[in-house]
Amino acid sequence: MKKIILSSFLIASFGLLADDHLPPGYSKYQSNFLFTCSMPAKCLKAFNDYMNAPEIASQNFEADMYAVMHNGWDEATHGISFYYKSADEYAKGNQIYVTSEAGRKFRKRIDELDIQGTSQNLTVHTVGVTNSGSAAENVVSLRWSLDVSNPAKFLPLWKGFSKSIEKYDWSANAYGLQSHYLGNNGRITHEVWAAFKTVQEALAFLDGMYASSEFAEYNPKADEYSDFIRSYMEVSLSQFNPD
């Protein structure tokens, strides 16, 4: 019975992916690592050194490192994400990380800096929408981690709400929803995100969204199909090959 329930959930959740066409530039797979770093400048340098190593730079992988803020019980201070447009690119990125000299030096530096991982996961973009700016410009994002019990019901509800607030001057420059495939996610099954050029824009969005009549209508309906786990802000510190 448990296998039947799990299979039904996976079909409902991942089947939605095939129904949505991501705009150009959106990666299908995202490999995400959250960690604690007591020496941010040195952690950032280690990441930049890895990405700038000739054997890595020549591959033009998309990646970024960001500060994690207001994340509640989660002890992570920073995160690194790698973005892959295909399964082949994902496989190549991991192979080079494991076998290259640059990867060996990066792992050694991680140990020296006593970087402690808090979570890692593999997500896929189910929905992605860009209204203004590029990934290189929209360097601040707000994120909501959810446990979605009925993706088939939740997704159209969330998409309708997101579309309904595009008319406001405080609306997000880009937004989307990611489904969790693998990782130590606890009860998290999906991530909703909204992106902005500045922290000020992100705060204006929070002011406007939570006060809007659209949110007042959406929120109780969304609660029927999802449970809130956490929310937080990401501020990009270093980007490589953003689309």
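Note that residues are indexed from 1 along each chain, following the sequence as it is written. Confidence filtering applies because this is a predicted model: local features only for residues at pLDDT of at least 70, side-chain atom pairs given and counted only at 80 or more, and all residues used for totals across whole chains, interfaces and linings. Side-chain measures here rest on the full set of heavy atoms in the structure, leaving out hydrogens and waters.

Draft legend 1. Region of the structure containing unusual backbone geometry. Within the chain, Asn60 stands out as a residue other than glycine whose phi angle is a positive 60 degrees. A helix here means a DSSP run of H or I that spans at least four residues, while a strand means a run of E at least two residues long, and both kinds are numbered starting from the N terminus. Note that Asn60 resides in the loop between helix 3 (54-57) and strand 2 (62-69). Phi is positive for Asp114, which is not a glycine, with a value near 55 degrees. By the secondary structure assignment, Asp114 is in the loop between helix 5 (101-112) and strand 4 (116-130).

Draft legend 2. Structural view of the packing of aromatic side chains. Ring pairs shown here join Phe, Tyr and Trp side chains whose ring centres sit within 6.5 Å, with only the six-membered ring taken for Trp; geometry is labelled stacked below 30 degrees between planes, edge-to-face above 60, and tilted in between. With the rule as written, the count across this model stands at 16 aromatic pairs. Arranged with centres 5.6 Å apart and planes meeting at 80 degrees, the rings of Phe47 and Phe240 form a pair that is edge-to-face. With a gap of 193 residues between them, Phe47 in helix 2 (residues 40-52) and Phe240 in strand 8 (residues 226-240) connect regions that are remote in the sequence. The pair formed by Phe47 and Phe240 is uniform in burial state, with each residue classed as buried. Each residue is placed in one exposure class: buried if its accessible area under a 1.4 Å probe, protein chains only, is under 20% of its type's maximum, exposed if it is over 50%, and partly exposed if it falls in between.

Draft legend 3. Highlighting the nonpolar core. With 26 residues, the main nonpolar core has Phe154, Trp158 and Phe205 as its most contacted residues. At the level of elements, strand 5 (140-148), helix 6 (151-164), strand 6 (174-183), strand 7 (190-196), helix 7 (199-211), helix 8 (213-223) and strand 8 are the ones that each hand at least two residues to this core. Ranked by residues supplied to this core, first place goes to strand 5 with five residues. Counting residues in each nonpolar core, the second largest holds 24 residues, with Ala46, Phe47, Ala102 and Leu122 among its members. What we call a nonpolar core is a set of buried Ala, Val, Leu, Ile, Met, Phe, Trp, Tyr and Cys residues that are connected through their side-chain atoms within 4.5 Å.

Draft legend 4. View of the packing of helix 2 against helix 5. Where helix 2 meets helix 5, the axes come as close as 9 Å, and the angle between the chain directions of the two elements is 170 degrees. It follows from the interaxial angle that helix 2 and helix 5 lie roughly antiparallel. Taken together, the residues of helix 5 that come into contact with helix 2 (itself represented by Lys42, Ala46, Phe47 and Tyr50) are Ala102, Gly103, Phe106 and Arg109. When residues are sorted by character, Ala, Val, Leu, Ile, Met, Phe, Trp, Tyr, Cys and Pro go into the nonpolar class, Asp, Glu, Lys and Arg into the charged class, and all the rest, Gly among them, into the polar class. A per-class count over the contact of helix 2 with helix 5 returns five nonpolar, one polar and two charged. Note on method: axes are straight lines fitted to C-alpha atoms, helices fitted across the in-contact stretch only, with angles between N-to-C directions ranging 0 to 180 degrees. Should an angle lie under 35 degrees it is considered roughly parallel, over 145 roughly antiparallel, and from 65 to 115 roughly perpendicular; all remaining angles are considered oblique. A contact between two residues is defined here by any heavy atoms of the two lying within 4.5 Å.

Draft legend 5. Region of interest: helix 6. Taking 1.5 Å as the rise per residue, helix 6 with 14 residues should run 20 Å; its terminal C-alpha atoms sit 20 Å apart, in good agreement. Those residues of helix 6 lying buried are Pro151, Phe154, Leu155, Trp158, Phe161 and Ser162. End-on, the buried residues of helix 6 take up no more than an arc of 135 degrees, which puts them together on one face. A helix's residues, less one, multiplied by 1.5 Å, set its expected span. The arc in question is the one spanned by the directions pointing from the helix axis to the C-beta atoms.

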